[in-house]
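# Inside the fold
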Amino acid sequence: MSKSPKLFIPGPTHVSDEILEAFSTPQIGHRTPEISELISDIIKGIQKVLYTTNHIYLVSHPATGLWEMAIRNSVRGKVLHCVNGAFSKKWVKVSSEIGVEYDLLEYDWGKGVQAEDIERKLSAEKYDAVALVHNETSTGVMSDIDKIGEVLKKFPQTYLLVDAVSSMAGVKIDVDSIGIDFILSSTQKAWGLPAGFSIAAASDRFISRSKKIRNKGYILSVDTYEKYYFKNQTPYTPSIPHLFGLKKVLDIIFQEGLENRWERHKELAKVVREWAIKMGQSLYAEGQFLSDTVTSINNDMRWDINAINERLLSRGFRMDRGYGDLKGEVFRIPHMGNIYAEDLLEYLNVFEECIDA
Ligand code: PLP
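What comes next is a walk through the structure.

Procedures and definitions
Residues numbered from 1 in each chain as written. Predicted model: local features only at pLDDT ≥ 70, side-chain atom pairs only at ≥ 80, totals over all residues. Heavy atoms only, no water. Helix = DSSP H or I, 4+ residues; strand = E, 2+ residues; numbered from the N terminus. Rg over C-alpha atoms; globule rule 2.2 N^0.38 Å. Buried < 20%, exposed > 50% of the residue type's maximum accessible area, 1.4 Å probe, protein only. Contact = heavy atoms within 4.5 Å. Phe/Tyr/Trp six-rings, centres within 6.5 Å; stacked < 30°, edge-to-face > 60°. Lys NZ or Arg CZ within 6 Å of the ring centre and 35° of its normal. Core = buried A, V, L, I, M, F, W, Y, C linked by side-chain atoms within 4.5 Å. Near = heavy atom within 4 Å. Polar contact = N/O pair within 3.5 Å; in protein donor to acceptor, adjacent residues only side chain to side chain. Areas by Shrake-Rupley, 256 points an atom, 1.4 Å probe, with all protein chains shown as cover. Nonpolar A, V, L, I, M, F, W, Y, C, P; charged D, E, K, R; others polar. Pairing = 2+ DSSP bridges. 1 Å grid on protein atoms, 1.4 Å probe; cavity = no way out; pocket = protein on both sides within 12 Å on 5 of 7 lines; lining within 4 Å. Points joined across faces, edges and corners; volume = space filled by probe spheres on them.

Turning next to the overall build of the protein chain. Counting secondary structure elements, the protein chain contains 13 helices and 14 strands. By the compact-globule yardstick of 21 Å for 357 residues, the protein chain fits well, its C-alpha radius of gyration being 20 Å. If one aligns the C-alpha atoms of the protein chain with their principal axes, the spans along those axes are about 60 × 55 × 35 Å. Residues counted as buried form 60% of the 357 residues belonging to the protein chain. In the protein chain, of all internal contacts separated by at least 6 residues, the share reaching a separation of at least 24 is 72%.

Okay, structure coming up:
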């Protein structure tokens, strides 16, 4: 079997050998004291990563399901969806499909969600929740979640729902001080684990409101998760390999140190931005919204992205060629999770060699 190319796409991201090894730990029963001990350690670890005491749910399906969980458990009236890229747009589809009323706060792609715009909307109308994507993976745009949290504090009836799929575990998100009621992520981005598993943290008031909402279904109801939360178990058979992987990655995170981890992501983002400019390209996201985990680069130099892709593959790397309509015009370089300075520099060097090879 040929070796798979090293992933330099913004998810799934590269999984290191030591994490892959943790995934092959022999299975244990999902209603045993051993699993409760494992889950208890994982929950405490994730709470530290998120600076929170909120309840952590370990979910054996991708994060898309958690968009629905966020809405179903907190919105009876209307939700304000902030839309500035492909994933925030898809989240609206979820609200639409389940028949929840919503308004949109829309931005051109490349721009971030602005706290003052949310304040204007919330001053004009009552919303149960504001839903936004912290880090738009489609465009490499990261919004200022701290500022947005400050605004939400003026509107206590409006809960803050945050998709942190491509920022959680790569960027400091102080959930309790920001006041995030529901934050969600999947494991295949800055957590650096295989895909198919997700993580949520729910505030006390989110859980209380959920109890008053009927017809939430079963699998996405917070009630279902709460029933097993205090047993340190999951409501249904979890992906046990992901639990071993999460424990391993948390050990790696604490060995590195949280502040060092945030700093590494910032540093690597800077390296990519400077490299892109040096190569004659420009950055897609507006300056103040540049993401710490993924950079979108305008292909101003008209490089032949498909040819570069083929050459990179033959050198053992899988590149990103851009998301959706941006394909070919804009490409992305991820710098999150298990990517360290030496990995990134190696990739950029090989990339350079592949431009006119
Ligand atoms: N939200 C964002 C910002 C994403 O980047 C993605 C996937 O790339 C998703 C949500 C969907 O996550 P999943 O594929 O785990 O359902």
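Moving on, there is more to tell.
Cis geometry marks the peptide bond from Gly11 to Pro12; its omega dihedral reads -5°. Here Pro12 lies in the loop between strand 1 (6-8) and helix 1 (17-23). Located in the positive-phi region is Tyr51, a residue other than glycine, with phi close to 55°. The topology assignment puts Tyr51 in the loop between helix 2 (33-49) and strand 2 (55-59). Non-glycine residue Arg302 carries a positive phi angle of around 55°. Owing to a relative accessible area of 54%, Arg302 belongs among the exposed residues under this scheme.

What helix 12 (residues 305-314) keeps buried is the set Ile305, Ala307, Ile308, Asn309 and Leu312. One or two steps after helix 12, the chain reaches Gly316, where phi turns positive at roughly 95°.

Let us now look at the packing of aromatic side chains. The description of an aromatic ring pair rests on the distance of the ring centres and on the angle between the ring planes. One pass over the structure, following the stated rule, counts 16 aromatic pairs. A centroid spacing of 5.8 Å and a plane angle of 50° characterise the contact between Trp303 and Phe351, whose relative ring orientation is tilted. Here the residue Trp303 occupies a position in the loop between strand 12 (294-298) and helix 12, and Phe351 occupies one in helix 13 (residues 341-355), the gap between them amounting to 48 residues. Phe351 carries the same exposure label as Trp303, and that label is buried. Taken together, a centroid distance of 5.9 Å and an interplanar angle of 80° make the contact between Tyr347 and Phe351 edge-to-face. One end of the pair is Tyr347 and the other is Phe351, both in helix 13 and four residues apart, which spans about a single turn. For the pair formed by Tyr347 and Phe351, the shared burial category is buried. Through pairs of rings, three or more aromatic residues link up here, namely Phe8, Trp275, Trp303, Phe317, Phe331, Tyr347 and Phe351. For Arg209, the ring lying beneath its charged end belongs to Tyr159, and the centroid distance is 3.6 Å.

Tyr57, Leu58, Trp91, Ile118, Phe182, Ile183 and Trp191 are the most contacted members of the largest nonpolar core, which has 85 residues in total. With eight residues, the top contributor of residues to this core is helix 10 (residues 240-256). Among residues more than four places away in sequence, those in contact with Phe182 are Leu66, Met69, Ala70, Leu160, Leu161, Val162, Ala200, Ala201, Ala202 and Phe206.

With that settled, the discussion passes to the site of the ligand. As a matter of local geometry, the ligand sits amid 13 residues, with Thr64, Thr137, Asp163, Ser186 and Lys189 nearest to it. At 2.6 Å from a nitrogen atom of the ligand is found a side-chain nitrogen or oxygen belonging to Asp163. Burial of the ligand by the protein amounts to 87% of the accessible area it has alone, namely 390 Å². Here the shell around the ligand is composed, by residue class, of six nonpolar, five polar and two charged.

Its place among the elements puts Val100 in the loop between helix 4 (86-97) and strand 4 (101-106). Separated by 29 residues in the primary sequence, Val100 and Ile71 have C-alpha atoms spaced 8.1 Å apart.

This next bit is on the sheet that holds strand 14 (residues 330-334). The pairing of strands in a sheet comes from backbone hydrogen bonds and takes either a parallel or an antiparallel form. One open sheet holds the three strands; their spatial order is 11-12-14, and the pairing between them is antiparallel. Among the strands making up the open sheet, the edge pair consists of strand 11 (282-283) and strand 14. The pairing of strand 11 with strand 12 spans two bridges and is antiparallel. Counterpart to Leu283 in the pairing with strand 12 is Ile297.

Our next topic: the layout of surface pockets. Of the volumes computed, that of the largest pocket is approximately 400 Å³. Lining the largest pocket are 16 residues; nearest its centre among them are Ser4, Pro5, Lys6, His14 and Val15. The set of elements that each furnish at least two residues to the lining of the largest pocket consists of strand 1 and helix 1. Looking at the lining of the largest pocket residue by residue, the classes come out as eight nonpolar, five polar and three charged.

Take it as geometry only, folks, not as evidence of what the structure does.
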